[in-house]
Amino acid sequence: MALHVDYYASLNSPWTHLGAARIEAMCAQNGASLRIWPVDFGAIFPASGGLPLPKRAPQRQAYRMMELARWRDFLGIPIKLEPKFFPTPENTSAACVIAVRETMGDAPAIRLAHRVLKAVWEEEANPAEPETLARLIGECGLDAGQVVALGGDPQWLERRTADTQAALARGVFGAPSYVIGEEIFWGQDRLDFVARRLAKG
């Protein structure tokens, strides 16, 4: 029996971006369904004992940069280690992703989320700028005007708040997290374990 993966993502996270293509490919290869939840990790971190990046110890911040460089080189994904628009406000792009997910389906929502991440981490673009976000939506094959208007409905940010609380209740504390049933796989460096779990069916 094919499995389902709940994919808790931050639209600011380099780790989410580094795992983006692989989680899609793994699910496709194993016939698993994939649903993205662009939750608010700014709320999740303090509620789960984590710290936002600027408040972490200097040693942890330095190690993060080493790891980003290692994974960039290992995966061949040309991220900028210190992109110009990081962190970028997520509310508008997250609302659009949720609106697309709920009205058009999982695949276009994932496509849009991953396009936003690529813009931040590879292209030094700012998805919080309306013109940039509209361009990214169009590049996903979606109607930019329709999606931007849809995303402006307050219900989607209310839904994001509810999704964030549900993620916390489920035990999610970091991005990205891939949840299969009761199992949580935190971080793109756990994708080998996700692949093994999906292969079991």
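The preceding data block contains the structure.
What this report covers is the structure whose coordinates are included nearby.

Time to look at the packing of aromatic side chains. Per the counting criterion, the structure on display carries six aromatic pairs. Where tyrosine 7 meets tyrosine 178, the ring centres are 5.6 Å apart and the plane angle is 20°; that geometry is what we call stacked. Taken together, the residues span a long stretch of sequence, with tyrosine 7 in strand β1 (residues 4-8) and tyrosine 178 in strand β3 (residues 177-180) at a distance of 171 residues. The same class applies to tyrosine 7 as to tyrosine 178, namely buried. With centroids separated by 5.9 Å and ring planes inclined at 45°, the aromatic side chains of phenylalanine 41 and phenylalanine 45 adopt a geometry described as tilted.

Strand order in this open sheet of four strands is β2-β1-β3-β4, and the pairing throughout is mixed. Taken across any chain shown, the strands that pair with only one partner, and hence form the sheet edges, are β2 (33-37) and β4 (183-186). Neighbouring strand axes in the sheet, compared pairwise and without regard to direction, differ in orientation by 20° on average. Lying over the sheet, helix α5 (residues 106-121) contacts β1 and β2, oriented at roughly 50° with respect to β2.

About the thresholds
- Residues numbered from 1 in each chain as written.
- Predicted model: local features only at pLDDT ≥ 70, side-chain atom pairs only at ≥ 80, totals over all residues.
- Heavy atoms only, no water.
- Phe/Tyr/Trp six-rings, centres within 6.5 Å; stacked < 30°, edge-to-face > 60°.
- Helix = DSSP H or I, 4+ residues; strand = E, 2+ residues; numbered from the N terminus.
- Buried < 20%, exposed > 50% of the residue type's maximum accessible area, 1.4 Å probe, protein only.
- Pairing = 2+ DSSP bridges.
- Axes fitted to C-alpha atoms, helices over the stretch in contact; angles between N-to-C directions.
- Contact = heavy atoms within 4.5 Å.

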